[in-house]
Amino acid sequence: QDFELIHKKHNTPLPLHTMSSQNNTNILTDEFGHPIADTRNSLTAGVDGPTLLQDFELINKLAHFDRERIPERVVHAKGAGAHGYFEVTKDVSQFTKAAFLNKVGKKTPVFLRFSTVGGEKGSADTARDPRGFAIKHYTEDGNYDMVGNATPIFFIRDAQKFPDFIHTQKKNPQSNLPDPDSFWDFFSLNPETMHQMMFLFSNRGTPYSFRHLHGFSSHTYKWVNTQGEQFWIKLHYKTETGIKNFSNDEAKEMAGKDPDWATRDLFNHIQKGGIAAWKAYVQIMPVAEAANYRFDVFDVTKVWPYEDYPLLEYGRLVLNRNPQNYFAETEQSAFSPANLVPGIEASPDKLLQGRLFSYNDTHRHRLGANYTQIPINAPLRSKLNSYYRDGPMCVNGNGGSGPNYYPNSFGGPTEAPQYKQAPHKVYGTAIRTGRNHPNSDFEQPAMFYNKALQGKEREDLVSNIVGSLGNAKKEIQIRQTKLFYKVDPKFGAAVAEGLGLDKSNF
């Protein structure tokens with residue numbers, strides 16, 4: 001139904017497999033619509049003779065088969081998705097002019113893709129890894145993508161480090177095997193990774209299923225209301241199913257039994273009539289308060305403690321419909337934090353700033369320049385009216401006979417100055433430097449260790465770290481354990497003991 005709406009909106013013909021007319025028969029055809037008499041036997045010169053070059057059905061079938069695979073995502077390669085809706089439950093119009101949030105009870109269609117981050121497309125759902133939590137909202141002002149994770153923080157705070165970080169999470173360039181030395185070498189040389197790394201090696205790093213985890217924007221974003229007032233915000237999605245995690249041993253066991261466990265759980269649950277749902281909350285900070293806040297507001301390795309900025313409920317996210325085709329909808333879905341709508345804007349977060357470019361760029365590489373015309377990515381509830389033209393696989397009419405430049409005198413679409421972004425003051429000298437906020441990279445990890453985790457959870461954290469860090473070189477073990485001591489001496493001592501390290505090193 002969504003595909004039909006998109007084709008009607010852009011006045012393009014529906015593919016045969018989606019048409020519902022008297023021409024829709026059950027006769028096998030090729031991709032050009034020609035009926036196929038025999039797709040099981042090649043055309044040969046006699047019963048035992050060689051295959052003929054004129055067997056276009058065979059050549060076409062093989063040629064298409066050779067091209068079935070598109071490049072997998074560099075990160076978030078393994079994933080599952082579902083359709084549903086976002087419903088506004090509390091009025092937030094005093095904080096944002098976003099049209100899809102302007103009325104209690106308003107529902108917006110969504111598609112959500114869950115994923116693991118570091119593994120390949122065939123890796124296990126239960127791997128110790130952050131989980132991607134990306135929501136595409138089909139709003140009346142265009143598509144809004146909330147491209148988050150199941151963690152409220154991330155490992156690094158500058159996009160410059162992202163390729164280096166991901167290389168350490170992938171396989172060794174010589175052996176093509178996981179490399180604990182590079183994995184822990186990077187962590188031990190970048191203390192900012194501590195908060196997310198501890199989250200990852202707690203049992204929260206191995207969630208039971210995609211239904212049993214929270215979602216977060218992680219980054220700080222900006223909401224702007226109709227009066228032009230600006231607010232820094234963080235988004236939280238709390239699962240209604242409840243948090244449930246695997247232990248390290250359980251996750252490894254399930255990876256052997258069923259590496260597609262979370263994908264299967266989500267699909268089967270919805271297929272049987274169930275829903276997966278989350279309550280949506282927002283933390284709101286007046287822009288003026290950011291400069292003097294005790295933590296760097298634009299540092300994605302930090303959270304805003306709830307006692308400082310409480311959660312305000314504003315919506316409900318519901319998944320209730322499976323994709324009809326995994327490749328067409330889930331594999332080809334493309335999300336970008338740059339896809340924002342009026343009333344929602346980016347912050348100066350350095351990692352976010354890099355993502356604003358990189359996500360759309362990787363989709364152009366993976367899916368082609370016109371990836372936004374793929375139905376799952378196309379705007380569903382807003383009119384497409386641009387001067388973008390041509391390129392491979394342009395299938396939306398290409399602007400018809402209208403002008404392809406602006407400004408023009410021939411009735412082309414015009415600018416809408418009422419949607420200008422809110423002004424934001426910037427200052428300083430152009431310079432390559434780290435953030436200079438006085439907050440520590442160890443204060444919030446200490447809060448996580450001492451307040452968020454309880455006794456058994458702390459024991460599991462230490463055990464999980466020892467089981468992984470113990471595979472790295474001893475000098476890396478010592479360097480990383482020194483950082484654990486900075487979080488909490490008890491934490492550092494427990495890891496040192498588990499690794500069998502001489503505590504005189506610390």
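Because the structure is a prediction, the values reported are computed rather than measured.

Enquirer: Before we go on, may I ask you to explain the nonpolar core in this structure?
Expert: Soluble globular proteins: nonpolar side chains tend toward being buried together. Membership of the largest hydrophobic core comes to 43 residues, with the highest contact counts inside it found for Trp-184, Met-197, Ile-465, Phe-484, Phe-491 and Val-495. Looking at this core, the elements with two or more residues in it are α3 (162-169), α4 (180-189), α5 (194-201), α10 (443-452), α11 (455-469), α12 (474-487) and α13 (489-499). Residues contacting Trp-184, with those up to four places away along its chain left out, are Met-197, Phe-201, Ile-465, Ser-468, Leu-469, Ala-472, Ile-476, Gln-480 and Phe-484. In terms of nonpolar packing, the next biggest core, distinct from the first, is built from 39 residues, Phe-133, Ala-150, Phe-210 and Ala-280 among them.

Enquirer: Help me understand the pairing of strand β4 (residues 142-149) in this model?
Expert: Two faces make up the sheet, and in a regular strand the side chains alternate between them. Along β4, 8 of the 8 residues are buried, which leaves the element largely enclosed by surrounding structure. Summarising the sheet, strand β3 (residues 131-139) and β4 pair through 8 bridges and their orientation is antiparallel. When the sheet's bridge partners are listed, Ala-134 is paired in β4 with Val-147.

Enquirer: Teacher, can you tell me more about the pattern of salt bridges here?
Expert: One side chain can pair with another of opposite charge once the charged atoms of both are near each other. The final tally for this structure, using the stated rule, is 26 salt bridges. A salt bridge links Lys-222 to Glu-345; the shortest N-O distance between them is 3.6 Å. Here Glu-345 lies in strand β10 (residues 344-346) and Lys-222 lies in strand β6 (residues 221-224), a separation of 123 residues in the sequence. Here Lys-222 matches Glu-345 in class, with each residue buried. Residues participating in the shared-partner salt-bridge network are Arg-157, Asp-299, Lys-302 and Asp-441.

Enquirer: Please clarify how the packing of aromatic side chains should be interpreted in this entry.
Expert: Each aromatic ring pair is characterised by the separation of its centres together with the angle its planes make. As enumerated under the stated definition, the model contains 34 aromatic pairs in all. With centroids separated by 6.2 Å and ring planes inclined at 70 degrees, the aromatic side chains of Phe-86 and Phe-100 adopt a geometry described as edge-to-face. With a gap of 14 residues between them, Phe-86 in strand β1 (residues 79-88) and Phe-100 in the loop between β1 and β2 (107-116) connect regions that are remote in the sequence. Note on accessibility: Phe-86 and Phe-100 belong to one class, buried. Chaining the aromatic ring pairs together yields one cluster made of Phe-154, Phe-155, Phe-162, Phe-165, Phe-183, Trp-184, Phe-186, Phe-187 and Phe-201. Taking the ring centre of Tyr-85 as reference, the NZ or CZ of Lys-107 above it sits at 4.5 Å. Here the basic side chain of Arg-458 rests over the ring of Tyr-449, its NZ or CZ set 5.6 Å away from the ring centre.

Enquirer: For this particular structure, what's the right way to read the side chain of Arg-131?
Expert: Locating Arg-131 in the fold gives a position in strand β3. The charged side chain of Arg-131 is buried without a salt bridge, its nearest counter-charge being Asp-129 at 5.4 Å. In terms of polar contacts, Arg-131 uses its side chain to reach the backbone carbonyl oxygen of Asp-125, at 2.8 Å. Polar side-chain contacts of Arg-131 include one of 2.3 Å to the backbone oxygen of Asp-129. With sequence-adjacent residues up to four places away left out, Arg-131 is seen in contact with Ser-115, Thr-116, Asp-125, Thr-126, Asn-149, Ala-150, Gly-205, Thr-206, Pro-207, Phe-210 and Leu-213.

Enquirer: Honestly, the environment of Glu-72 in this entry has me stumped. Any pointers?
Expert: With respect to the element layout, Glu-72 can be found in the loop between α2 (56-66) and β1. Separated by 400 residues in sequence, Glu-72 and Ala-472 have C-alpha atoms that sit 29 Å apart. Setting aside residues no more than four positions away along its own chain, Glu-72 makes contact with Ala-77, Glu-120, Lys-121 and Arg-366. Here the side chain of Glu-72 touches Lys-121 through a polar contact of 3.2 Å, landing on its backbone nitrogen.

Enquirer: Is there a simple way to explain the environment of Pro-50 in this structure?
Expert: Within the fold, Pro-50 resides in the loop between α1 (2-9) and α2. The exposed category is assigned to Pro-50, whose relative accessible area is 59%. With residues up to four places along the chain from it excluded, the contact list for Pro-50 reads Leu-43, Thr-44 and Ala-45.

Enquirer: I tried to follow α4 on my own but got confused; where do I start?
Expert: The periodicity of an α-helix, 3.6 residues per turn, causes residues three or four positions apart to be oriented the same way. Looking only at α4, the buried set comprises Phe-183, Trp-184, Phe-186, Phe-187 and Ser-188. Among the structural elements, α3, α5, α11 and α12 are those in contact with the buried residues of α4.

Enquirer: Sorry if this is basic, but what is going on with the pairing of β6 here?
Expert: The side-chain alternation of β6 yields two buried faces, one formed by Tyr-221 and Trp-223 and the other by Lys-222 and Val-224. Bridge analysis of β6 against strand β7 (residues 230-239) gives 4 bridges, and the strand direction is antiparallel. Following the sheet pairing, Val-224 is matched in β7 by Gln-230. In this sheet, β10 lies alongside β6 in antiparallel orientation, the contact comprising 3 bridges. Bridged to Trp-223 within β10 is Ile-344.

Cut-offs and rules
- Residues numbered from 1 in each chain as written.
- Predicted model: local features only at pLDDT ≥ 70, side-chain atom pairs only at ≥ 80, totals over all residues.
- Heavy atoms only, no water.
- Core = buried A, V, L, I, M, F, W, Y, C linked by side-chain atoms within 4.5 Å.
- Buried < 20%, exposed > 50% of the residue type's maximum accessible area, 1.4 Å probe, protein only.
- Helix = DSSP H or I, 4+ residues; strand = E, 2+ residues; numbered from the N terminus.
- Contact = heavy atoms within 4.5 Å.
- Pairing = 2+ DSSP bridges.
- Salt bridge = Lys/Arg side-chain N within 4 Å of Asp/Glu carboxyl O.
- Phe/Tyr/Trp six-rings, centres within 6.5 Å; stacked < 30°, edge-to-face > 60°.
- Lys NZ or Arg CZ within 6 Å of the ring centre and 35° of its normal.
- Lys, Arg positive; Asp, Glu negative; His and termini not counted.
- Polar contact = N/O pair within 3.5 Å; in protein donor to acceptor, adjacent residues only side chain to side chain.

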